[in-house]
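Now for the letters of each chain:
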Amino acid sequence: MSNWIVYSIGFLAQILFSGRLIIQWILSEKSKRIITPSAFWKLSLLASFLLFLYGHLRDDFAIMLGQALTYYIYIRNLQLQGEWQKSPKGLQLFLFIFPIFIVIYAYNNGEYDIDKLFRNDAIPMWLLLLGIFSQIIFTLRFVYQWIVSEKSKTSQLPVGFWRMSVLGASLILTYGIFRQDPVLLVGHGAGLIIYVRNIFIWKKQVGHEN
């Protein structure tokens, strides 16, 4: 597959990721508090679908790992909001098995193996480890968000989510610079601004409540 198609998939994913943040940010600014619209999770799931595919096409294990871990948290949040149940059963099944299918299919057809994923000549081991660590930090924000949401039985974005987003995005930006990956640079550079802004919105919200 040509590079321009691969990068187009990656950029489209990042546009969708940025779109979810812009929607969430605008609605939060209007209401003067942090809110979690269903569009945030719908766009997250679609973008994750595309970015997982992008990572697969670039043989980039760090990207695939990050998306595989958050993919199902997006689905769970849609379930908590009652939106997942509204989609057709066939679409639910397809989206649910997609990451698993891609990994099993590609592995069984020899498109990549574990050694190739961890020994990509284009990515030194130290850089791959940085990428994996960055994605783990970035992913843990959704694990934290998921735990908080499960406790309250409502889908929400607590301030800890935004703080971890700032840390994770900063690390991924560093990885993207060394990797010379324009998709990561554009996506996380734009997102970092909104992550910081949500923290300020939260501080104002707490100040008004007190």
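All of these numbers come straight from a predicted model, not from anything done at the bench. (Residues numbered from 1 in each chain as written. Predicted model: local features only at pLDDT ≥ 70, side-chain atom pairs only at ≥ 80, totals over all residues. Heavy atoms only, no water.)

Quick word on the pattern of salt bridges
Any two side chains of opposite charge can pair, given that their charged atoms come close. Inclusion rule: Salt bridges are counted wherever a side-chain nitrogen of Lys or Arg sits within 4 Å of a carboxyl oxygen of Asp or Glu. In this description a helix means any DSSP run of H or I spanning at least four residues, a strand means any run of E spanning at least two, and both kinds are numbered starting from the N terminus.
The full count for this structure, using the stated rule, is six salt bridges. As a salt-bridge pair, Lys42 and Glu83 come within 3.2 Å of each other at their nearest N and O atoms. In this pair, Lys42 is assigned in helix 2 (residues 38–57) and Glu83 in the loop between helix 3 (61–80) and helix 4 (89–108), connecting sequence segments 41 residues apart. One salt bridge in this structure joins Lys153 and Glu150, with 3.8 Å as the shortest N-O distance. When salt bridges with common partners are traced through the structure, they connect Lys42, Glu83 and Lys86 into a single cluster.

Things to note about a nonpolar patch on the surface
We apply this condition: Nonpolar side chains (Val, Leu, Ile, Met, Phe, Trp, Tyr) are joined into patches within 5 Å and like charges within 9 Å, using only residues with over 30% relative accessible area and no salt bridge. The accessible surface values rely on the Shrake-Rupley method and a 1.4 Å probe; as for residues, cover is taken only from the protein chains in view. The rule is simple: take the accessible area with a 1.4 Å probe, protein chains only, and divide by the maximum for that residue type; under 20% is buried, over 50% is exposed, in between is partly exposed.
A cluster of nonpolar side chains, contributed by Leu93, Phe96, Ile97 and Phe101, occupies part of the molecular surface with about 400 Å² of accessible area. Note on placement: Ile97 falls in helix 4. Overall, the relative accessible area of 38% leaves Ile97 in the partly exposed class.

Remarks on helix 6 (residues 125–152)
Using the following cut-off: In this analysis, the expected span of each helix is defined as 1.5 Å times one less than the number of residues it contains.
The terminal C-alpha atoms of helix 6, which comprises 28 residues, lie 41 Å apart, in line with the 40 Å expected from a rise of 1.5 Å per residue. Lys153 occupies a position one or two residues after helix 6 and carries a positive phi of about 60°.

Side note on the packing of aromatic side chains
In plain terms, the rule: Only centres within 6.5 Å qualify two rings of Phe, Tyr or Trp (six-membered ring in Trp) as a pair; their planes then separate them into stacked at under 30 degrees, edge-to-face at over 60, and tilted for everything else. Definition used: whenever NZ (Lys) or CZ (Arg) falls within 6 Å of the ring centre and also within 35 degrees of the ring normal, the charge is taken to sit over that ring.
Under the definition given, this model contains 16 aromatic pairs. Here Trp41 and Tyr74 contribute two aromatic rings whose centre-to-centre distance is 6.1 Å and whose plane-to-plane angle is 40°, an arrangement assigned as tilted. Residue Trp41 is found in helix 2, and its partner Tyr74 is found in helix 3; the two are separated by 33 residues along the sequence. There is no split in this pair, since Trp41 and Tyr74 are both buried. Taken together through their ring pairs, the aromatic side chains of Phe40, Trp41, Tyr74, Phe138, Phe142, Phe161, Trp162 and Tyr195 make up a single cluster. Taking NZ or CZ as reference, Lys203 lies 5.6 Å from the ring centre of Phe200, over its face.

So, the environment of Gln67
Quick note on the threshold: Whether two residues are in contact is decided by their heavy atoms, any of which lying within 4.5 Å being enough.
Structurally, Gln67 is set in helix 3. Once the C-alpha coordinates of Gln67 and Leu157 are considered, the two residues, 90 residues apart in sequence, prove to be 18 Å apart. Those residues within four positions of Gln67 in sequence are excluded, and the remaining contacts are Phe17, Ser48, Leu51 and Phe52.

Considerations on the side chain of Thr70
Following the sequence through the fold, Thr70 ends up in helix 3. Excluding its chain neighbours within four sequence positions, the residues that come into contact with Thr70 are Ser48, Thr139 and Phe142.

Notes on the nonpolar core
Note the following rule: Here, nonpolar core means buried Ala, Val, Leu, Ile, Met, Phe, Trp, Tyr and Cys residues that are tied together by side-chain atoms lying within 4.5 Å of each other.
With 47 residues, the main nonpolar core has Leu45 and Trp162 as its most contacted residues. Broken down by secondary-structure element, the contributors of at least two residues to this core are helix 1 (3–31), helix 2, helix 3, helix 4, helix 6, helix 7 (159–179) and helix 8 (182–209). A per-element tally of this core places helix 2 first, with nine residues. The residues touching Trp162, leaving out its near neighbours within four places in the chain, are Leu21, Gln24, Ile34, Leu157, Tyr195, Asn198 and Ile199.

Any functional reading would require information beyond the geometric quantities listed.
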